Amino acid sequence: MKNHKILRKCAFSLFIFSFFFLGVSCDKATLSESNAWDAVDKYLKVNPIYETVLMSLGEVKFSPNKDSRELSAYKKLAQEGYITFEAIKQKKKFLSKDSILTYEVKLTDKAKPWVLNQKKNQVEVKSIEYQLDKKDEPKIELTGKKSGKVILNLHKANSDFSILSEDNNPHTTFITQTFLLNFKKDKGWEVTKSKK
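All of these numbers come straight from a predicted model, not from anything done at the bench.

Q: How should I be thinking about the pairing of strand E1 (residues 49-56) in this particular structure?
A: Where a strand is regular, its side chains alternate between the two sheet faces. Burial of the side chains of E1 is restricted to one face: Ile-49, Glu-51, Val-53 and Met-55 are buried, whereas none of Tyr-50, Thr-52, Leu-54 and Ser-56 on the reverse face is. As paired strands, E1 and strand E6 (residues 122-132) are joined by eight bridges and run antiparallel to one another. The partner of Ser-56 across the bridge, within E6, is Gln-122.

This is the structure:
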């Protein structure tokens, strides 16, 4: 009977010790390079970072001299198969060397992956996407017991539609982004916010 009580006490003590030890170790919020990468990667799959440009559809008028850059961009997109670009009419401006050219612009199926928002005569498309490069070393900083931040360089990936836009960061091939993270016992590290 005595041995039985001693065994029960030992088993109970072992249970309490295990529970305390596992509870403490599972709750440990160590922010490593590996779990920082995983958290940022998951976040960017749901919240990609990109730049956009608006593009006109339907009957679009161009002045060959004034709109030469835009006109050549539309012609290139037509050559690449993203749009159809058909000349409808040409009108000479009164007392001017320039003309007004009118084209019918339509999107093709090839443009679908880049389209974000579409209206009757206008479409918003991705021009630049910013992507993770695992060769870069993240700067990791714990800001609390269960919070931290990761600073990473995201590399530019231009879409074919980038020829329609002005690059917001023309003198670099990447942007530096800060990701704020929180640790949750059941989910681990998660990004809560990102900012430049």
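The rest of the description comes next.
Q: Just to check I follow, could you spell out the pattern of salt bridges for this structure?
A: According to the stated counting rule, one finds seven salt bridges in the structure shown. Linking Glu-129 and Lys-126 is a salt bridge whose minimum nitrogen-to-oxygen distance equals 3.1 Å. Residues Glu-190 and Lys-184 are paired through a salt bridge, measuring 3.3 Å at the closest nitrogen-oxygen approach. The partly exposed category is assigned to Glu-190, whose relative accessible area is 27%.

Q: Looking at this structure, I do not really get the packing of aromatic side chains. What am I missing?
A: For any pair of aromatic rings, the description rests on two quantities: the centre-to-centre distance and the angle between the ring planes. In the structure shown here, the tally under the stated rule is eight aromatic pairs. Of the aromatic side chains, those joined through ring pairs into one cluster are Phe-62, Tyr-74, Phe-85 and Tyr-103.

Q: What am I meant to see in the environment of Leu-57 here?
A: Inspection of the secondary structure assignment puts Leu-57 in the loop between E1 and strand E2 (58-62). In sequence terms Leu-57 and Lys-119 are 62 residues apart; their C-alpha atoms lie 8.8 Å from each other. Beyond its immediate chain neighbours, meaning those up to four positions away, Leu-57 contacts Val-105, Leu-107, Gln-118, Lys-119, Lys-120, Asn-121, Gln-122 and Val-123.

About the thresholds
- Residues numbered from 1 in each chain as written.
- Predicted model: local features only at pLDDT ≥ 70, side-chain atom pairs only at ≥ 80, totals over all residues.
- Heavy atoms only, no water.
- Buried < 20%, exposed > 50% of the residue type's maximum accessible area, 1.4 Å probe, protein only.
- Helix = DSSP H or I, 4+ residues; strand = E, 2+ residues; numbered from the N terminus.
- Pairing = 2+ DSSP bridges.
- Salt bridge = Lys/Arg side-chain N within 4 Å of Asp/Glu carboxyl O.
- Phe/Tyr/Trp six-rings, centres within 6.5 Å; stacked < 30°, edge-to-face > 60°.
- Contact = heavy atoms within 4.5 Å.

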